Amino acid sequence: MDVATRGGGGGGGVRREVEFLFRDINVSIKNTHILHNISGIVGSGEVLAVMGPSGSGKTTLLNTLGGRIPVESGEVTLDGQPLTKKVRKRMCYVLQQDIFLSKLTLWETLYFAAMVYLPEKLPRQEKLARVDNIIEVLDLTKCRNTLVGDQFIRGLSGGEKKRLSIACELIKDPDIMLMDEPTSGLDSSTAYMLMLLLKRFTEQSGKAVVVTIHQPSSQIFHMFTHLLLMAEGRIAYFGDGAKTLDFFEELDLFCEPHYNPADFILETVKKDKDTVKRITDLAEKKRCTDLWPAKLRHTESFALKHSSSHSTIGTRVHSGDVVLCTGSSSRSNAQADADGDVMVSLIEPDVEAMGMEGGVVVKCNGDHKFNDVRLPTPPTDVEPLRRWATGFWTQFKMLNWRTFKHSRSRIISKYNIINSTSIAIICSLLWFQMERNHETIKDRMAFLFFVATYWSFVPMFDAITSFPGERPVIVKERAAGAYRLSAFYFAKMSSEMPLIVLMPSIFCTLTYWMAGMRGLPQFFATWAILILNVLNTQGIGYIVGAAIWDLQMGITTASILVLYGLLAAGFYVSRLPPWLTWCRYLSIVCYPYNAISILELGDLEPLPCTNITNFELPACEEGSNSTVVMPETILRHYGAELPLHCYVATIAIQVFAWRTVAYLALKYKDKPH
């Protein structure tokens, strides 16, 4: 049966009804068996609620159904097809946490999702129309231009954020929606309105919803089409939500009149081990009765019962194969993989395989009830699977737009403007119009050293602190297959570059002339070196932020790097022991400081030793034959031992090197461990 749905399939039109089935799911994590033969089924316009006390395995089941946790045994199918990457594109996962970039508006958040998640062949106007339609359907019109907000910025309410989470997934027009605790953190009224809106939308659109929910109100409980109750990783009940209390009454467990059924159910499955065992045993017996959905009954081949007294033999068969297993105790388990092959595990079998068209058939002859069970035929279409809905350029363009809008208020915030302006004014007053003579050499070197140091740690710390707010969003969107990691990284660099150079440019312009430094050509060269250093230290910040997810540890690491660079640059310690001279070249401050020092002192005339009064130089020490000091000697005294181009080239190389390392760190962290 087909149903017409608005905007279905990414391009509108007709979409057939869907059936989402999971059967005998077993999952172990770190050698701990979490899920034990969990089954369920949900169709178009239906809501399957997964309930259970904390630790019962609800979220693990949802992650398994979403393909985020591997299945040990069992099957998950959508319209009879195994859960391959292509099939997974028809599903979405709404996380319990509402994870967004706080400084974007609701419309901007949805606009980005539409442009990245929807195929490029879809016209832009149609994408915008879908955004407007979803905003209207989820009753978000009044907060369309409201910032998302966070604990520091006032923005959307909890209910509005939750609806925005759902809206971002609905943009993709999925057939199956997996939702983890959508009412968590909401008051009862907001939670009810959210679930009512979701129920109505599900019935109208023909989507199927699987939702985990801890302790719903009685109003919400009666909205559920089906209920899957879990206890200690096992099924305690599966069936119509309206018949749940009838199931418990079979065990002489009665719910008081006018009492919330959800509260009664959860209190009952937490009572004691004997009560839980009675409930799960009855649920297990129901599997072989007509009360259990036909496709989930244990009379089918996917009902694999673990037994320590039998050995397991695995064999792989292909589409069109038949597996015969004989013997009075023969049992089998079959699971289709992404290639369309099926792994059949047989316990004490005699196996014979023969070709047959149209799927894989498992026949078990003997006392067991399941014979001639046909497994789902693998997909017959050969359309290549596209990992990304959009190309690299579209992803880069949209990420560049979003990152610029989000980072702008962080990098050029009023606090950063006040901070940099205040420091610039203080520097201008302290080093105001220094005379260009031998008596101010040390003061000028101190000014240059401060400028190089200050604009080393400011961009580094900004880059480090930018990751905690962005990382959860990146992880969520990358898990959903939104964009390439390279597109995100290049967009982050390109969008932040014009922002990060603005404040140091103003600072340099103001302080350079107020301090009475050298001429116009030297100013532009000094500015260029300073900007190059800002990009360099920002790259180091990217490395620390990408590799170290603990913000406090990241800041500690950056502090050590900056302080080491400050001490080893050559201003504080000019005479290092010969066996430690190499340490100077590991300083991030050394290169910009020495480069701008060469520019500033390049016009010095040889100084008579009699004029050197405010610092000591080896050339003028007692017993030396020199009567004058060359500018190169003064520069070497402060650590500038190499030509100018060596320092500039080293900074430029480091800019590319650090950003490459940062990308590799991001890529390593992006992999599942």
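Residues numbered from 1 in each chain as written. Predicted model: local features only at pLDDT ≥ 70, side-chain atom pairs only at ≥ 80, totals over all residues. Heavy atoms only, no water.

(A) Local environment of the pairing of strand β5 (residues 47–51). Burial runs high along β5: five of the five residues are buried. Residues Val47, Ala49 and Met51 of β5 are buried on one face, and the alternating residues Leu48 and Val50, pointing to the opposite face, are buried as well. As paired elements, β5 and strand β10 (residues 208–212) share four bridges and run parallel to each other. Note on β10: the bridge partner recorded for Val50 is Thr212. With four bridges connecting them, β5 and strand β11 (residues 226–231) associate as parallel partners. In the strand pairing of β11, Leu48 is matched with His226. (Buried < 20%, exposed > 50% of the residue type's maximum accessible area, 1.4 Å probe, protein only. Helix = DSSP H or I, 4+ residues; strand = E, 2+ residues; numbered from the N terminus. Pairing = 2+ DSSP bridges.)

(B) Main features of the pattern of salt bridges. All chains considered together, the criterion is met by 20 salt bridges. For Lys405, the salt bridge identified is with Glu108, shortest N-O distance 3.2 Å. Of this pair, Lys405 sits in helix α11 (residues 392–411) while Glu108 sits in helix α3 (residues 106–117), and the two are 297 residues apart along the sequence. In the salt-bridge network here, residues are joined through shared partners; they are Arg410, Asp462, Glu470, Lys492 and Glu496. (Salt bridge = Lys/Arg side-chain N within 4 Å of Asp/Glu carboxyl O.)

(C) Here's a closer look at the packing of aromatic side chains. The tally for this structure, following the rule as stated, stands at 30 aromatic pairs. A centroid spacing of 5.0 Å and a plane angle of 55 degrees characterise the contact between Tyr237 and Phe247, whose relative ring orientation is tilted. Note that Tyr237 is positioned in strand β12 (residues 234–240) and Phe247 in helix α8 (residues 244–249), a separation of ten residues in sequence. The exposure class assigned to Tyr237 is buried, which follows from its relative accessible area of 7%. (Phe/Tyr/Trp six-rings, centres within 6.5 Å; stacked < 30°, edge-to-face > 60°.)

(D) Focus on the sheet that holds β11. What the six strands build is an open sheet, ordered β8-β9-β10-β5-β11-β12; its pairing is mixed. A single partner strand is all that each edge strand has here, and the edge strands are β8 (91–94) and β12. Between one strand and the next, the sheet's axes are offset by a mean angle of 15 degrees, whatever the strand orientation. The strands that helix α5 (residues 158–170) touches are β8 and β9 (176–180); relative to β8, the one it contacts most, it runs at about 165 degrees. Strand contacts of helix α10 (residues 273–286): β11 and β12, with the helix running at about 55 degrees to β12, the strand carrying the most contacts. (Axes fitted to C-alpha atoms, helices over the stretch in contact; angles between N-to-C directions. Contact = heavy atoms within 4.5 Å.)

(E) Examining the layout of surface pockets more closely. Looking at the second largest pocket, its volume works out to about 590 Å³. Lining the second largest pocket we find 20 residues, and of these Ser102, Asp150, Gln151, Phe152 and Gly469 sit closest to its centre. Those elements that provide at least two residues to the lining of the second largest pocket are α11 and α13 (441–479). A total of five residues in the lining of the second largest pocket trace back to one element, the largest contributor, which is α13. Per-class residue counts for the lining of the second largest pocket are eight nonpolar, seven polar and five charged. (1 Å grid on protein atoms, 1.4 Å probe; cavity = no way out; pocket = protein on both sides within 12 Å on 5 of 7 lines; lining within 4 Å. Points joined across faces, edges and corners; volume = space filled by probe spheres on them. Nonpolar A, V, L, I, M, F, W, Y, C, P; charged D, E, K, R; others polar.)

(F) Summary view of the side chain of Arg584. The residue Arg584 is located in the loop between α17 (551–568) and α18 (590–601) in this model. Non-local contacts of Arg584, meaning those with residues more than four positions away in its chain, are made with Ala568, Ala569, Gly570, Val573, Ser574, Leu576, Cys590, Gly639 and Glu641.

(G) Layout of the packing of α13 against helix α15 (residues 502–514). The N-to-C vectors of α13 and α15 enclose an angle of 170 degrees; their axes lie 12 Å apart at closest approach. Taken together, the axis directions place α13 and α15 in an arrangement best described as roughly antiparallel. Residues Phe447, Phe450, Val451, Tyr454 and Trp455 of α13 pack against Met503, Pro504, Phe507, Thr511 and Tyr512 of α15. Partitioning the contact of α13 with α15 into residue classes produces nine nonpolar, one polar and no charged. (Parallel < 35°, antiparallel > 145°, perpendicular 65-115°, else oblique.)

Spatial relationships are all this shows, so hold off on functional conclusions.
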